[in-house]
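The lines below spell out each chain.
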Amino acid sequence: MAGTRPSGGGRQGEDPGDPGRGHGDRAGRESEPDYRFTLANERTFLAWIRTALALVAGAVAVLHLVPLDWSGPARLTVGLALTVLAVVITAYAPMRWLQVQRLMRRGAPLPLSALPVVTTVGVALVCGAVLVGNFWG
Amino acid sequence: MSGRDPGLQPERTLLSWQRTVIVLVAVALLYVRDPFQDGGEPGPGALVRVAVALVPIGAAAAAMVHVRRRWRATGHGAHDDATGQAPAPLARGWVRVLVGAATAVFAVAVAVSALTG
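Residues numbered from 1 in each chain as written. Chains lettered and ligands numbered in written order. Predicted model: local features only at pLDDT ≥ 70, side-chain atom pairs only at ≥ 80, totals over all residues.

Colleague: Sorry if this is basic, but what is going on with the overall build of chain B here?
Modeller: If you tally the helices and strands in chain B, you get three helices and zero strands. When the elements of chain B are put in sequence order from the N terminus, they spell out α-α-α. Counting every position in chain B, which comprises 117 residues, the buried fraction comes to 36%. Considering only contacts within chain B whose residues lie at least 6 apart along the sequence, 68% involve residues at least 24 apart. (Helix = DSSP H or I, 4+ residues; strand = E, 2+ residues; numbered from the N terminus. Buried ≥ 20, exposed ≤ 12 C-beta atoms within 10 Å, placed from the backbone. Contact = placed C-beta atoms within 7 Å.)

Okay, here's the thing in structure tokens:
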């Protein structure tokens, strides 16, 4: 496993037979990033999609499947909150893919995104609402 | 170095696609399950559910067929014809759009069908 790993320094091409791809150019021109970074970006996109699907699964369970003796509004609030969060994530995932891909082509640093925090807070709020719904609903 | 990535990045990406497809199908089946579970005759609502579930299942099937086909065409992720390196990204852009859109449409349909009945 030694040797060829993506370094943190941006783009880096290991294949000496391929001069046009992967090497960062100092002239500020754009070039395709190292294929490993592109694949990592693709996997990140897929991980966001799976996150959204897990939230949809929760919405299906609350809205359609599990017989809960909550009040109607409590159930709808939790289910719709999960759905909204899932839709926000599915809208964000392709945009983030594009943004990261564009910045990597330029060799620019990648900014942090707010969505992990938004997702965490959203899921925590839903968990709180479920607790309230179970014990006081 | 005959093109095999020592970090198995293409393989990991292929497995990531497979996980995503499996989750898509699983959530769709979860949604369809409800009307049949108490043994009664499925009403017209069940047909609507099956129709809605076909959106994520169709997207999952298209994505899997596309990714497998591309996997084979690139020598199991070893080399893309255009670049000579591993295929990156593994799937074409329209597959990402399709899977994302199918997830969003399905999420909205789950909420709407809960609101309307």
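Colleague: Where do I start with the interface of chain B and chain A in this structure?
Modeller: Contact with chain B, which involves 36 residues of that partner, is made by 36 residues of chain A. Within the residue set of the side of chain B that touches chain A, elements represented by two or more residues are helix H1 (9–33) and helix H3 (93–116) of chain B. Top contributing element to the side of chain B that touches chain A by residue count: H1 of chain B, with 14 residues. A class-by-class count of the residues in the side of chain B that touches chain A yields 21 nonpolar, 10 polar and five charged. (Nonpolar A, V, L, I, M, F, W, Y, C, P; charged D, E, K, R; others polar.)

Colleague: Just to check I follow, could you spell out helix H2 (residues 44–73) of chain B for this structure?
Modeller: All names here are of chain B. Taking 1.5 Å per residue, 30 residues should reach 44 Å; H2 reaches 43 Å between its end C-alpha atoms and fits that length. Residue Leu54 marks the point of greatest curvature in H2, where the axis turns by about 30°; the proline Pro56 follows within four residues. Of the positions making up H2, those classed as buried are Arg49, Val52, Ala53, Pro56, Ile57, Ala59, Ala60, Ala63, Val67 and Trp71. Gly75 sits one or two positions beyond H2 and adopts a positive phi of about 65°. (Expected span 1.5 Å × (residues − 1). Bend = angle between axes of the 7 residues up to and from the residue.)

Colleague: I'm lost on the packing of helix H1 (residues 35–65) of chain A against H1 of chain B in this one. Help?
Modeller: Angle between the axes and distance between the axes: these two values describe a pair of packed helices. As a packed pair, H1 of chain A and H1 of chain B sit with axes 9 Å apart at the nearest point and diverge in direction by 15°. One way to sum up the angle between H1 of chain A and H1 of chain B is to call them roughly parallel. Note that H1 of chain A runs across H1 of chain B; the crossing there is left-handed. Of the residues that constitute the contact of H1 of chain A with H1 of chain B, the class distribution is 15 nonpolar, five polar and seven charged. (Axes fitted to C-alpha atoms, helices over the stretch in contact; angles between N-to-C directions. Parallel < 35°, antiparallel > 145°, perpendicular 65-115°, else oblique. Left-handed = near helix turned anticlockwise from the far one by under 90°.)

Colleague: Even after reading the chapter, I still don't get the environment of Asp5 of chain B, so can you show me in this structure?
Modeller: Residue and element names in this part refer to chain B. The topology assignment puts Asp5 in the segment before H1. Between the C-alpha atom of Asp5 and that of Ala78, which follows or precedes it by 73 residues, the distance is 7.6 Å. When residues no more than four places from it in sequence are discounted, the contact partners of Asp5 are Pro10 and Ala86.

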